[in-house]
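These are the residues of each chain, in order.
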Amino acid sequence: MHSRKGFGSKMLRRTLLKGMGALALAPLVTGLGVKNALASQPSDKPRIGRGRHNTRLVLLGTTGGMTWWPGSNRASNSQALLVGDAMYLIDLGFGACARLAEAFNFGHFVTIGGQRTQLELSTFLSDMRAVFFTHLHMDHLGDYPTFLEIGARAGYAEKRPLAIIGPGDRGRLEENMSGYKGTVITAESRNPPFATPTPGTKSMTDHILQAFAQTFNNCAQDEGYPDIPKIIDVREIGDPKTIPWPSGFVVPDPNKPWTADITCPSMKPFEIYKDDRLRVTATLVDHYEVYPAFAFRFDTEDGSLVISGDTGPDTRGNLQTLANGADVLVHEVIDDFWIKTSFKGVKEGDPAWPLYHHVMTAHTSTADVGRVAQQCRVKTLVLSHIAPANAPVARLRLAQQNFPGELIVGEDLMEIGVGNPRGRSKA
Ligand SMILES: [Zn+2]
Ligand SMILES: [Zn+2]
């Protein structure tokens with residue numbers, strides 16, 4: 001069918017095949033190819049489930065940081081995981097919703113009287129099952145409000161309530177590492193009901209609904225849009241009612257200083273989600289002052305993928321335990337050369353010190369990421385959450401020096417397949 005040809009040879013840049021004990025890469029296509037493929041689609045249903053692999057990850061956004069990087073059009077961090085016809089999202093950084101539509105929204109067109117037209121609104125997200133947030137930084141959830149409303153109309157809860165799973169309220173501000181004293185946004189500084197400086201996923205969602213109530217109410221009342229509060233099922237990691245911490249885990253004492261030993265203690269992975277297509281486990285990683293920050297592992301019948309989330313290189317072994325032997329590790333990275341040149345000579349008290357401190361403590365450089373992947377014993381390392389987004393690919397590939405496996409420098413709309421492509425027997 002044309003859709004398979006378009007999906008396999010035009011939309012996707014690279015695909016990873018696992019089989020016969022070896023890895024094989026095949027070149028695929030660019031975002032521009034997506035538009036060309038769309039133009040050639042006279043009538044089609046969504047392409048979800050029609051790729052070459054039963055399990056596959058589509059990188060929707062491959063940069064990070066609360067900034068726009070000059071010279072790059074990478075969207076902020078986001079991934080779509082497809083297992084058969086089931087779809088999952090991991091993070092929704094700014095720009096992710098546009099990439100989601102580019103990747104999957106091919107609509108339903110017909111030709112009437114020689115005129116091509118769309119008869120109905122597209123519901124290309126109707127096989128969506130869950131959204132996972134690694135942590136609550138805007139470069140991982142900036143498009144969440146857009147997704148909540150427009151995604152609902154695109155059918156994310158057409159078959160079942162959508163599970164939205166993310167960190168809970170950490171209960172206190174992070175340590176002030178830089179000496180900077182900004183306004184703390186709470187009920188005291190803003191109008192109620194903003195009652196906490198560190199809302200978790202549930203509170204954040206409620207506040208988004210409140211903030212955009214004119215749109216949500218208008219659409220639900222006047223335009224037949226889905227009733228959002230009734231079709232989402234928000235669950236917080238660490239909430240005893242939904243996803244409790246693993247037994248033996250001690251929630252950090254809010255009165256003790258915030259150190260990495262407290263925000264990223266050594267722990268065993270624990271299950272946060274399961275259905276008939278996959279099992280998802282999580283562990284804490286070291287995003288330094290940001291707690292909790294998670295890595296997720298997705299196990300399917302075809303293989304396993306791990307998303308590191310934002311983390312420094314020392315997770316007290318947590319990431320190594322979670323990712324042990326996985327087929328694919330998608331790991332954040334920051335360009336070591338950029339750090340050394342942009343922050344050369346910066347010392348405590350300088351204006352650039354807070355950002356330099358954050359970069360050095362909460363992220364993983366090209367000098368370290370390969371070693372981490374090697375310790376995780378993964379077959380393939382995919383670099384994403386690339387900072388700066390404009391870092392040359394050749395410099396990012398320096399990560400290979402400490403990693404013997406396959407290295408892929410991520411790009412928006414790149415697809416990574418897991419397991420054998422369809423039509424081939426398992427190894
Ligand atoms: Zn980030
Ligand atoms: Zn972050």
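Residues numbered from 1 in each chain as written. Chains lettered and ligands numbered in written order. Predicted model: local features only at pLDDT ≥ 70, side-chain atom pairs only at ≥ 80, totals over all residues. Heavy atoms only, no water.

A.B. asks: I'm lost on the coordination of the zinc ion (ligand 2) in this one. Help?
C.D. replies: By definition of the ideal shapes, a tetrahedral metal site with four donors has angles of 109.5 degrees and an octahedral site with six donors has angles of 90 or 180 degrees. Distances from the zinc ion (ligand 2) to its protein donors, namely H135 (NE2), H137 (ND1), H287 (NE2) and D310 (OD), fall within the range 2.1 to 2.4 Å. Classification of the site at the zinc ion (ligand 2) as irregular follows from its 4 donor atoms and the range of 92 to 161° in their angles at the metal. We note that the donor set of the zinc ion (ligand 2) lies within a single chain, spaced as H-x1-H-x149-H-x22-D. Here the zinc ion (ligand 1) and the zinc ion (ligand 2) are spaced 3.4 Å from one another, each receiving a donor from D310. In this pair, H287 sits in the loop between β12 (279-284) and β13 (294-300) while D310 sits in the loop between β14 (303-307) and α10 (318-323), placing the two residues 23 residues apart along the sequence. Taken individually, H287 and D310 each receive the classification buried, so the pair is uniform in this respect. (Donors = N, O, S within 2.8 Å, 3.2 Å for Na, K, Ca; no water. Tetrahedral: all angles 85-135°; square planar, octahedral: opposite > 155°, others 65-115°. Helix = DSSP H or I, 4+ residues; strand = E, 2+ residues; numbered from the N terminus. Buried < 20%, exposed > 50% of the residue type's maximum accessible area, 1.4 Å probe, protein only.)

A.B. asks: For this particular structure, what's the right way to read the pairing of strand β3 (residues 53-61)?
C.D. replies: Strand residues, when the strand is regular, have side chains that alternate between the two faces of the sheet. Counted residue by residue, β3 has 9 buried out of 9 residues, so it is predominantly covered. Inspection of the sheet shows β3 paired to strand β18 (residues 415-421) by 5 bridges, in the antiparallel sense. Within β18, the residue paired with R56 across the bridge is G417. In this structure, β3 lies alongside strand β4 (residues 78-83), joined through 6 bridges in antiparallel fashion. When the sheet's bridge partners are listed, G61 is paired in β4 with S78. (Pairing = 2+ DSSP bridges.)

A.B. asks: Can you help me understand the sheet that holds strand β9 (residues 162-167) in this one?
C.D. replies: Pairing between the strands of a sheet comes from backbone hydrogen bonds, and it takes one of two forms, parallel or antiparallel. Taking strand neighbours across the sheet as the criterion, the 7 strands line up as β10-β9-β8-β5-β4-β3-β18 in an open arrangement whose pairing is mixed. Pairing within the sheet leaves two strands with one partner each, and these edge strands are β10 (232-237) and β18. Across the sheet, the mean angle separating the axes of adjacent strands is 15° when strand polarity is ignored. Alignment of β9 against β10, held across 6 bridges, turns out to be parallel. Of the residues in β10, the one forming a bridge with A163 is D233. In the packing of helix α3 (residues 96-104) onto the sheet, the strands contacted are β3, β4 and β5 (86-92), and the crossing angle to β3 comes to about 140°. Strand contacts of helix α6 (residues 201-211): β9 and β10, with the helix running at about 145° to β10, the strand carrying the most contacts. (Axes fitted to C-alpha atoms, helices over the stretch in contact; angles between N-to-C directions. Contact = heavy atoms within 4.5 Å.)

A.B. asks: Looking at this structure, I do not really get the sheet that holds β12. What am I missing?
C.D. replies: As summarised here, the arrangement of the 7 strands in space is β11-β12-β13-β14-β15-β16-β17, forming an open sheet in which the pairing is mixed. Pairing within the sheet leaves two strands with one partner each, and these edge strands are β11 (270-274) and β17 (406-409). Put simply, the sheet's adjacent strands are angled 25° from each other on average, direction ignored. With respect to the sheet, helix α13 (residues 366-376) is in contact with β15 (328-334) and β16 (380-387), its orientation differing from that of β15 by roughly 160°.

A.B. asks: I'm lost on the environment of V393 in this one. Help?
C.D. replies: Mapped onto the fold, V393 is located in helix α14 (residues 393-396). For V393 and I408, which are 15 residues apart along the polypeptide, the C-alpha to C-alpha distance reads 9.9 Å.

A.B. asks: How should I be thinking about the side chain of D310 in this particular structure?
C.D. replies: One buried charged side chain, D310, makes no salt bridge at all; its nearest oppositely charged neighbour is R170, positioned 12 Å away. A polar side-chain atom of D310 sits 3.2 Å from a polar atom in the side chain of H135. Of the polar contacts made by the side chain of D310, one reaches the side chain of H287; its length is 3.3 Å. (Lys, Arg positive; Asp, Glu negative; His and termini not counted. Salt bridge = Lys/Arg side-chain N within 4 Å of Asp/Glu carboxyl O. Polar contact = N/O pair within 3.5 Å; in protein donor to acceptor, adjacent residues only side chain to side chain.)

A.B. asks: What am I meant to see in the confidence of the model for the protein here?
C.D. replies: Do not read the predicted coordinates in detail wherever pLDDT is low. On average, the protein scores 84 in pLDDT, and the residues at 70 or more come to 83%. This model gives residues 1-49 a pLDDT under 50, and the stretch forms 137 contacts once residues within four places in sequence are excluded. (pLDDT = per-residue confidence, 0-100.)

A.B. asks: Help me understand the packing of helix α5 (residues 144-153) against helix α7 (residues 213-222), please; the structure alone is not making it clear to me.
C.D. replies: Geometry of a packed helix pair, given as the angle between the helix axes and the separation of the axes. Direction vectors running N to C along α5 and α7 enclose 10°, while the axes themselves pass 11 Å from each other. As judged from the angle between their axes, α5 and α7 are roughly parallel. Between α5 and α7, the contacting residues are P145, L148 and E149 on the first element and T215, F216 and C219 on the second. (Parallel < 35°, antiparallel > 145°, perpendicular 65-115°, else oblique.)

A.B. asks: What's the story with unusual backbone geometry in this structure? I'm lost.
C.D. replies: Apart from glycine, the bulk of residues carry a negative phi angle, and the bulk of peptide bonds sit in the trans form. In this model, Y291 is joined to P292 through a cis peptide bond whose omega is -10°. Turning to its location among the elements, P292 is positioned in the loop between β12 and β13. The step from A387 to P388 runs through a cis peptide bond, and the omega angle for that step is -10°. Positive phi, normally seen in glycine, also occurs at R377, with a value near 60°. Mapped onto the fold, R377 is located in the loop between α13 and β16. Taking the relative accessible area as the measure of exposure, R377 reaches 53% and is therefore exposed. Unlike most non-glycine residues, H385 shows phi in positive territory, near 50°.

A.B. asks: Sorry, what's going on with the packing of aromatic side chains here?
C.D. replies: Aromatic ring pairs are reported here in terms of the distance separating the ring centres and the angle at which the planes meet. The full count for this structure, using the stated rule, is 17 aromatic pairs. Ring plane angle 75° and centroid distance 6.2 Å describe the contact between Y88 and Y273, whose orientation is recorded as edge-to-face. In this pair, Y88 is assigned in strand β5 and Y273 in strand β11, connecting sequence segments 185 residues apart. The class of Y88 is buried, set by a relative accessible area of 0%. In this structure Y273 comes out as buried when scored by relative accessible area, which is 8%. Taken together, a centroid distance of 5.4 Å and an interplanar angle of 85° make the contact between W338 and F343 edge-to-face. Classification of F343 as buried rests on a relative accessible area of 7%. The rings of Y88, F132, W245, F249, F270, Y273, Y291, F294, F296 and F298 are connected pair by pair, giving a single aromatic cluster. The ring of F109 carries the charged tip of R116 above its face, separated from the ring centre by 3.9 Å. (Phe/Tyr/Trp six-rings, centres within 6.5 Å; stacked < 30°, edge-to-face > 60°. Lys NZ or Arg CZ within 6 Å of the ring centre and 35° of its normal.)

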